[in-house]
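Close look at the chain arrangement
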Amino acid sequence: MGKSLYQKVWEAHSVKTLSDGRTQLLIGTHLIHEVTSPQAFGMMRELNLKVRFPERTFATVDHIVPTENQQQPLADPLADQMLNELRKNADEFGITYFDLASGKQGVVHVVGPEQGITQPGTTIACGDSHTATHGAFGAIAFGIGTTQVRDVLATQTIAMGGLKVRRINVTGKLSPGVYSKDVALHIVKVLGAKGGIGFAYEYGGNIFDEFTMEERMTVCNMSIEGGARCGYVNPDQKTFDYLKGRNYSPKGADWDVALERWKSFASDADTVYDDVVNIDAADIEPTVTWGISPDQGIAVSDSIPDPEQASNPEDKASIIEALEYMKLPAGQPIKGTKIDVAFIGSCTNGRISDFREVAKYIQGKKVAANVKAIAVPGSQVVDIMAKQEGLDKIFTEAGFEWRAAGCSMCLAMNPDKLVGDQICASSSNRNFKGRQGSPIGRTVLMSPVMVAAAAIEGGIADARETFNF
Amino acid sequence: MIEPIKQIVGTGVPIPGADIDTDRIIPARFMKCVTFDGLGEYAFYDVRYDNDGNITKHILNDAAYANADILVAGINFGCGSSREHAPQALVKYGFKAIIAESFAEIFFGNSTTLGLPCVIGTKDDVDALKAALQADATIEVKIDIETLTVSYADVSFAVTMPASAVEALTSGNYDPINELLAAEQEVAATLKAQAYLA
Ligand code: SF4
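Notes on the structure in this doc start here. Just so it is clear, the structure is predicted and the values come from calculations on it, not from any experiment.

What follows is about the overall build of chain B. Counting its regular elements, chain B contains 8 helices and 8 strands. Rg of the C-alpha trace for chain B: 18 Å, near the compact-globule value of 16 Å for 198 residues, within the 12% margin. Along the first, second and third principal axes, the C-alpha set of chain B runs to 60 × 45 × 25 Å. Scored against the burial criterion, the 198 residues of chain B give a buried share of 56%. Pairs at least 24 residues apart make up 69% of the contacts formed inside chain B by residues separated by at least 6 positions. Accessible surface for chain B amounts to roughly 7900 Å². Of this, 52% is attributable to carbon and sulfur atoms. Looking at charge distribution, chain B has the averaged site of its 13 positive side-chain charges lying 6 Å from that of its 27 negative ones.

Scanning the model with the defined rule gives 27 aromatic pairs over all chains in all. When the centroid spacing of 5.3 Å and the interplanar angle of 80 degrees are considered together, the rings of Phe395 of chain A and Phe400 of chain A count as edge-to-face. In this pair, the class of Phe395 of chain A matches that of Phe400 of chain A, namely buried. Seen from their ring centres, Tyr93 of chain B and Phe95 of chain B are 5.2 Å apart, and the 20 degrees between their planes marks the pair as stacked. A relative accessible area of 22% places Tyr93 of chain B in the partly exposed class. Judged by relative accessible area, Phe95 of chain B falls into the buried class, the value being 3%. One aromatic cluster in this structure is built from Tyr201, Tyr203, Phe208 and Phe211 of chain A. Above the face of the Phe199 of chain A ring, Arg166 of chain A is positioned so that its terminal group lies 4.0 Å from the ring centre.

All names here are of chain A. The full set of residues close to the ligand is His63, Val107, His109, Asp128, His130, Ser346, Cys347, Cys407, Cys410, Leu411, Asn429 and Arg435. Taken together, the residues of the shell around the ligand sort by class into 5 nonpolar, 5 polar and 2 charged. Formed jointly, the shell around the ligand draws a minimum of three residues from each of two domains, domain 1 (5-264) and domain 2 (333-466).

A separate point is the layout of surface pockets. Computed from the structure, the largest pocket encloses a volume of approximately 900 Å³. If you go around the largest pocket, you meet 31 residues; those closest to its centre are Gln296, Glu314, Asp315 and Ser318 of chain A together with Asp19 of chain B. Per-element accounting of the lining of the largest pocket gives the leading share, 7 residues, to helix 11 (residues 313-326) of chain A. For the lining of the largest pocket, a count of residues per class yields 11 nonpolar, 7 polar and 13 charged. Within this model, the second largest pocket holds a volume of roughly 630 Å³. Lining the second largest pocket we find 27 residues, and of these Arg229 of chain A together with Glu105, Phe108, Gly109 and Pro162 of chain B sit closest to its centre.

So, on to the packing of helix 2 (residues 38-46) of chain A against helix 5 (residues 146-155) of chain A. Residues and elements named next belong to chain A. Between helix 2 and helix 5, the least distance of the axes is 8 Å, while the angle of their chain directions is 55 degrees. Relative to helix 5, helix 2 is oriented oblique. Classified by chirality, the crossing of helix 5 by helix 2 is right-handed. Here Gln39, Ala40, Phe41, Met43 and Met44 of helix 2 come into contact with helix 5, specifically with Thr146, Thr147, Val149, Arg150, Leu153 and Ala154. Taken together, the residues of the contact of helix 2 with helix 5 sort by class into 7 nonpolar, 3 polar and 1 charged.

Calculation notes
- Residues numbered from 1 in each chain as written.
- Chains lettered and ligands numbered in written order.
- Predicted model: local features only at pLDDT ≥ 70, side-chain atom pairs only at ≥ 80, totals over all residues.
- Heavy atoms only, no water.
- Helix = DSSP H or I, 4+ residues; strand = E, 2+ residues; numbered from the N terminus.
- Rg over C-alpha atoms; globule rule 2.2 N^0.38 Å.
- Buried < 20%, exposed > 50% of the residue type's maximum accessible area, 1.4 Å probe, protein only.
- Contact = heavy atoms within 4.5 Å.
- Areas by Shrake-Rupley, 256 points an atom, 1.4 Å probe, with all protein chains shown as cover.
- Lys, Arg positive; Asp, Glu negative; His and termini not counted.
- Charge placed at Lys NZ, Arg CZ, Asp CG, Glu CD.
- Phe/Tyr/Trp six-rings, centres within 6.5 Å; stacked < 30°, edge-to-face > 60°.
- Lys NZ or Arg CZ within 6 Å of the ring centre and 35° of its normal.
- Near = heavy atom within 4 Å.
- Nonpolar A, V, L, I, M, F, W, Y, C, P; charged D, E, K, R; others polar.
- Domains from an automatic or database assignment.
- 1 Å grid on protein atoms, 1.4 Å probe; cavity = no way out; pocket = protein on both sides within 12 Å on 5 of 7 lines; lining within 4 Å.
- Points joined across faces, edges and corners; volume = space filled by probe spheres on them.
- Axes fitted to C-alpha atoms, helices over the stretch in contact; angles between N-to-C directions.
- Parallel < 35°, antiparallel > 145°, perpendicular 65-115°, else oblique.
- Left-handed = near helix turned anticlockwise from the far one by under 90°.

The following block contains the structure:
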């Protein structure tokens, strides 16, 4: 019987079985950012520990960086303290740090792949749940807590129990205007926000074979929204082509050796999975969320759910709770719902391909007068590329603000926040209550092109109509 | 050696709602900190205070439950981000254990490592416990980790917890750092075998 990539990577990285039955797992690559690492370094100092393999940890700053005025000291003293703390820790412990002056800074899950740090056949950990993003390269990549960040720093390992593997096949043909973000939202909707608990998701089928690396990243990114600890796509020629020549990719003869090693990790054809789910690409529509959990999504042409139509009392209660918070009318079309803010960015959809795709459609169009629209590159590298291609101009001419790289309005740790009960069309990954900075702020998740359509129409729109697909 | 955790005895507070995510347990804006100290006062901030900063009618603001030791919740508790700030905030707030219908994985692991046991009960058992606590805040609840039972008044029900977590808590090994450090040579050998080229 064949083995899945998950099993192969797990076995190769198992150090030993611990006394509580869990596995001591080697972490090949460790990524850190300013929010979840300072306390770990504090614990290191308290226990008088050294970073065991500093060359296997990479740091960047993303959550707290302002995207407008980045002059230091930062206006927010707490943010400035976090920035300084990361600098101090990186210096003291000898860790590579892509800081604001590096030209490589950005959201940690954008930086890792574009620097070639994210590679197939390895384990990647970061104190951040969207570490699953790196699974797009055929790595087992997952979020960890701060105490585990300490464990990785001190030992390059963590204690962990194994996962089951669910293969998710998406096959057929996506219709125009349906993007990888819609595939991600659709999977979360179909399997539920907790459907993936205990599982690693292996994504496959012709849709994933045809996806670019960036499209694969968008879906792997949202594995955690479906409850799965990690999600991955088997490495193939696209993976290798993407990595070739990047800063941290192997070079020369090492490249060929690495390639052989990477290929050996792909799931065997006769792998028996713990579960298999088949999804027909034709069933996927441009999808938007209407509630406060990422699985509360509908096709943009559909109506907002009516609690009276719920199949059981729990569903009914959660629909009522969501609609009360979202202030949306049950049973009405979601299309036309007014928005106040439009956000294109984040580790889900803040990559160069996202901005290129949107730029194709917004030329000659204008953001509605009542909408504040911001475009935030996921990294400085994306920012530089976009500017070289003139994308920033296209966005600003259409009425978007073009900002500096960071997590921005994906969460509320920098000045980009919703105010009051503003409603935001967002290309990010979470629509939790209060996620975008106002305790009563409202988030509607969708693809970047759909965000652009909403910005232009001033309300939730079907991008296929707005842009004449 | 840390103290083994075998039993938690104390009062409880039922938290309404399913899918209580980590943003709700500790809103991100309170994560601008370089230590975990002081997070307790921000636990569940956005349900305890309204938009104008006034105290709400949430059960956590009810004086009768102010010193509750055990949090009782619904399904998928702790979903969302990997932030350890969430269980840290709950520990600093004063909780010693959580009973829920299910937990998100990262949250569960983070909590166990901190010595905050999370046990899983069936919906019926958890609902009954919630109702009992709602009616009487002074009820004493006992969680026995070794036998995996929860008892209160004259009720007792079975709960579950992965064997590794039971073992880690009851042996006092829930912070694995010493065991991880001890395997230094095996770790170096496993790393070498990977022949990473970057
Ligand atoms: S962009 Fe959003 S989801 Fe991604 S790392 Fe930043 S805050 Fe987290």
